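Per-entry structural report
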Amino acid sequence: MSFEGLPKGSTDKRRSLLESMYLLEVVRGLGVTARHLLRNIFHTGDMPTMQYPEEKRVYGDRFRGRHRLMQREDGTPRCVACQMCSTYCPADCIYITAAEHPDPAIEKYPATFDIDLLRCVYCGLCEEACPCDAIRLDTGIYEIAADHRDKFIVDKEFLLRNTTDGTR
Amino acid sequence: MDIVLESLAKIVFMFLLIMGMVPALIWAERKGAAFIQDRTGPNRASIAGIRLAGLVHPIADVLKLVFKEDIAPTHRHRALYNLAPWLVMTVAVSTYAVIPFGDYLELGGKRIPLVVADLQVGLLYVLAVASLGTYGVVLAGWAANNKFTFLGGIRATAQMISYEISMGLAVMGLMLIFGTLRLTDIVAGQGGLLFGFLPMWGVVLQPLGFVLFITAVYAETNRNPFDLPEGESEIVAGYHLEYSSLKFALFFMAEYCHMVVGAAMISALYFGGYQIPWLPRPRLEQNAGLLLVIMLAAIIAVSLWFAVLFLRRVQREKGKFGDARDREPVLGAGLWLVIAAAAAGAFLLRPWEIGPAGASVAATVFQVGAFVGKVVFFAWLFIWVRWTLPRFRYDQLMRLGWKVMLPLGLANLVVTALVLAAVGGGK
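This one's a predicted model, so the numbers in the text were calculated from it and none came from an experiment.

**Brief notes about the overall build of chain A**
- A count of helical and extended segments in chain A gives five helices and five strands.
- When the helices and strands of chain A are read in sequence order from the N terminus, they spell out α-α-β-α-β-β-α-β-β-α.
- Within chain A, the proportion of its 168 residues that are buried is 14%.
- The long-range fraction of contacts in chain A, counting pairs at least 24 apart against all pairs at least 6 apart in sequence, stands at 68%.

Have a look at this one:
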């Protein structure tokens, strides 16, 4: 088997003699890299690199970050534990235990509401599925890190406190 | 006794030159690669908030490598595994012994030749020692008892054998012209002018030989586009895969030492070594005062220019970070202003009234400076080429070595011999 020829049906043109001598092409290549080098030495500020922890990229409003649970005016979760989100979830990362709500006007409430952030694919389908706008991915938080897998499973209390600016 | 002291001083100078260039080259490699690829490169390590454009990173690298655990595979060949990095390193630094870094230094009426060992067979010594370096690579690949390292070692062997031949053939052209293997004579022979205006450098006399030699040197130093023994995209890290901590650091340093050796060889054989074109030694000594003044003026101009660049950054980036990093441009400007002031202060010593003894020393300094400058340029060329060219495929490497470089080397040798016979030149 020979590697010399071009593959069958190739539309590539044959290299010219000068190009196949390689040497001139090497020098031209060095010219290209030298241009980049000199431009970046004298215009360091024009480089596209961002100094990440200090500078952050601005994302659009529709960016899906870490989830939060919405609250009623009295601070209880808006969620009625209907299981729509956990049913719809393609990654199967939402775990809800429903319980009877003391208020007869409200049927159920989530006794536990856990999300496994390592399983979540941030598709936003839970948002879409929710009939009462109780879960949202609009916090804009994407720096999610921990030193143990268990710490990525966040509970109801955490999600209720998880607001757009990441504080409160 | 004197000769021992002299030799020791020269050895120390050469060793410090290499060892000083290694961290500088690592810095140039990382920063140059970054700038070529439109990145900013290393800029996080700092001493008291001052980052020195990434120059602190080699220190951090060294500290990291020194304090890392030395992990070794269980089924290694213990003796060879430990020997290999030292072999690579020793070979890398011992090639320097025969490379002249200056003509001579005249101190107190004594002429000290500026070469550690002026061997009659200098060129052979270089070729022999350089090929010993392959043993380190092959032993490392074999002793680690790992398929990837073994593949790296095999690749290194095949590559070295293929390219050493072309290297020898390329150098033989020079040998015919200068009629000697002694490197000091070869460099001294490149001091003249060809047709009265061209510097008689090896590259002018042997352009094809130069191309072959530089290609072979790149292959010998395992640098891109010939870094197949390392081949990190194919065989993980090749021969030094199983080495960690200081043993890995030795391989890493040896690569850069090899680069400096390669650069020194290229400049000694093909770019006149310490020779400055159109300024042979007598003329250098005659005009030492004038040249010193020109050099000082140039230093002042360049450092003032850099200072102005930094001062503009001071103005533009006021309070950009809000911490110690804001002081960096101020420090940079200060440093260049101090250099400019030092150069201006040197004028007080009246360099234009330099005596004959001083002129001789100054000429030596100029020549050593020319040599170091050439070495720095060719070391940078290694880096520049690495970030420009992709790695060869193995069959391409072999084809280039045997089907292109070997015939070209032979043709170059024959043509050189015929021309020398026709013009009756050579020795």
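Let's pick the thread back up.
**What to know about the overall build of chain B**
- Scanning chain B from N- to C-terminus turns up 14 helices and four strands.
- Across its three principal directions, the C-alpha atoms of chain B cover 70 × 65 × 45 Å.
- Counting every position in chain B, which comprises 427 residues, the buried fraction comes to 40%.
- Relative to all contacts within chain B whose residues are 6 or more apart in sequence, the contacts with residues 24 or more apart total 79%.

**What about the confidence of the model for chain A?**
- Looking at chain A, the pLDDT average stands at 82 and 85% of residues meet or exceed 70.
- By mean pLDDT, the top-scoring element of chain A is helix H4 (residues 125-129) of chain A (92), and the lowest-scoring one is helix H1 (residues 17-20) of chain A (68).

**Concerning the sheet that holds strand E5 (residues 153-154) of chain A**
Residue and element names in this part refer to chain A.
- An order of E2-E3-E5 is seen for the three strands of this open sheet, with the pairing classed as antiparallel. Looking at which strands have only one partner, the edges of the open sheet turn out to be strand E2 (94-100) and E5.
- For strand E3 (residues 108-116) and E5, the ladder comprises two bridges, and the chain directions are antiparallel. Note on E5: the bridge partner recorded for aspartate 116 is isoleucine 153.

**Observations concerning the nonpolar core**
- Val88, Phe213 and Val260 of chain B are the most contacted members of the largest nonpolar core, which totals 97 residues.
- In terms of residues, this core owes the most to one element, helix H9 (residues 245-270) of chain B, which gives 16 residues.
- Ignoring sequence-local partners within four residues, the contact set of valine 260 of chain B consists of Ile18, Met21, Val375 and Ala379 of chain B.
- Met84, Cys93, Ile94 and Ile96 of chain A belong to the second-largest nonpolar core, a separate cluster that totals 16 residues.

**Brief notes about the interface of chain B and chain A**
- Contacts between the two partners involve 13 residues from chain B and, on the opposite side, 13 residues from chain A.
- Elements with a minimum of two residues in the side of chain B that touches chain A: helix H1 (2-36) and helix H13 (356-386) of chain B.
- Top contributing element to the side of chain B that touches chain A by residue count: H1 of chain B, with three residues.
- For the side of chain B that touches chain A, a count of residues per class yields seven nonpolar, three polar and three charged.

**Considering the domain arrangement of chain B**
- Each assigned domain of chain B is listed here: domain 1 (2-10 + 55-278 + 390-423) and domain 2 (290-353).
- Centre-to-centre separation of domain 1 of chain B and domain 2 of chain B, based on C-alpha positions: 37 Å.

**Section: unusual backbone geometry**
- The phi torsion at aspartate 133 of chain A lies on the positive side, around 50°, for a residue other than glycine.
- Mapped onto the secondary structure, aspartate 133 of chain A falls in the loop between H4 and strand E4 (135-136).
- Exposure remark for aspartate 133 of chain A: the 10 C-beta atoms within 10 Å place this residue in the exposed category.
- Of note in the backbone geometry, asparagine 222 of chain B takes a positive phi value of approximately 60° without being a glycine.
- Its place among the elements puts asparagine 222 of chain B in the loop between helix H8 (207-220) and H9.
- What makes asparagine 222 of chain B buried here is the crowd of 26 C-beta atoms within 10 Å.

**A look at the pairing of strand E2 (residues 110-113) of chain B**
All names here are of chain B.
- Pairing of strand E1 (residues 104-107) with E2 involves four bridges; the strand directions are antiparallel. Directly across from glutamate 106, in E2, lies its bridge partner arginine 111.
- Between E1 and the antiparallel strand that follows it, E2, lie two residues; glycine 108 among them carries a positive phi value of about 55°.

**Let's talk about the environment of alanine 105 of chain A**
- For alanine 105 of chain A, the location among the structural elements is in the loop between E2 and E3.
- Here the alpha-carbon distance between alanine 105 of chain A and proline 90 of chain A, two residues 15 residues apart in the chain, equals 31 Å.

**A short note on the confidence of the model for chain B**
- Averaged over all residues, the pLDDT of chain B is 83; the fraction at 70 or higher stands at 98%.
- Quick note on the complex model: pTM equals 0.79, ipTM equals 0.75.

**Quick look at helix H3 (residues 78-94) of chain B**
Residue and element names in this part refer to chain B.
- The end-to-end C-alpha distance of H3, which contains 17 residues, comes to 25 Å, matching closely the 24 Å that a straight helix rising 1.5 Å per residue would cover.
- Alanine 84 marks where H3 bends most, by close to 30°; the proline proline 85 follows one to four residues later.
- Of all the positions in H3, only Tyr81, Ala84, Pro85, Leu87, Val88, Met89, Val91 and Ala92 are classed as buried.
- Those residues of H3 that are buried are in contact with helix H4 (122-143) and H9.

**Observations regarding the environment of phenylalanine 226 of chain B**
Residues and elements named next belong to chain B.
- Mapped onto the fold, phenylalanine 226 is located in the loop between H8 and H9.
- Considered as a pair, phenylalanine 226 and phenylalanine 392 are 166 residues apart in the sequence and their alpha carbons are 6.4 Å apart.
- Among all residues touching phenylalanine 226, those that are not within four sequence positions of it are Gln159, Tyr218, Ala219, Phe392 and Leu397.

**Topic: the environment of alanine 53 of chain B**
All names here are of chain B.
- As for its position among the elements, alanine 53 is in the loop between H1 and helix H2 (57-67).
- The class for alanine 53 is partly exposed, based on 15 C-beta atoms found within 10 Å.
- As a C-alpha pair, alanine 53 and glycine 41 span twelve residues in sequence and 9.0 Å in three-dimensional space.

The rules behind each value
Here, residues in each chain are numbered from 1, in the same order as that chain's written sequence. In the order they appear in the text, chains get letters beginning with A and ligands get numbers beginning with 1. Totals for whole chains, interfaces and linings use all residues, but because this is a predicted model, local features are given only for residues with pLDDT of at least 70 and pairs of side-chain atoms are given and counted only at 80 or more. Note on conventions: DSSP H or I runs of at least 4 residues are helices, E runs of at least 2 residues are strands, and numbering of each starts at the N terminus. Any residue surrounded by 20 or more other C-beta atoms within 10 Å of its C-beta is treated as buried, while 12 or fewer makes it exposed and the intermediate range makes it partly exposed; C-beta atoms here are placed from the backbone. Each residue is represented by a C-beta atom placed from its backbone, and any two residues with such atoms within 7 Å are regarded as in contact. As a per-residue quantity, pLDDT reports the predictor's confidence and falls between 0 and 100. Strands qualify as paired when DSSP identifies two bridges or more between them. Think of a nonpolar core as buried Ala, Val, Leu, Ile, Met, Phe, Trp, Tyr and Cys residues, each tied to the set through C-beta atoms within 7 Å. Under the grouping applied here, Gly and all other residues not named as nonpolar or charged are polar, the nonpolar ones being Ala, Val, Leu, Ile, Met, Phe, Trp, Tyr, Cys and Pro and the charged ones Asp, Glu, Lys and Arg. Domain extents, as shown, originate in an automatic or database domain assignment. To estimate the expected span of a helix, count its residues, drop one, and scale the result by 1.5 Å. Note that bend, as reported per residue, equals the angle between axes fitted to the 7 residues terminating at that residue and the 7 residues originating from it.

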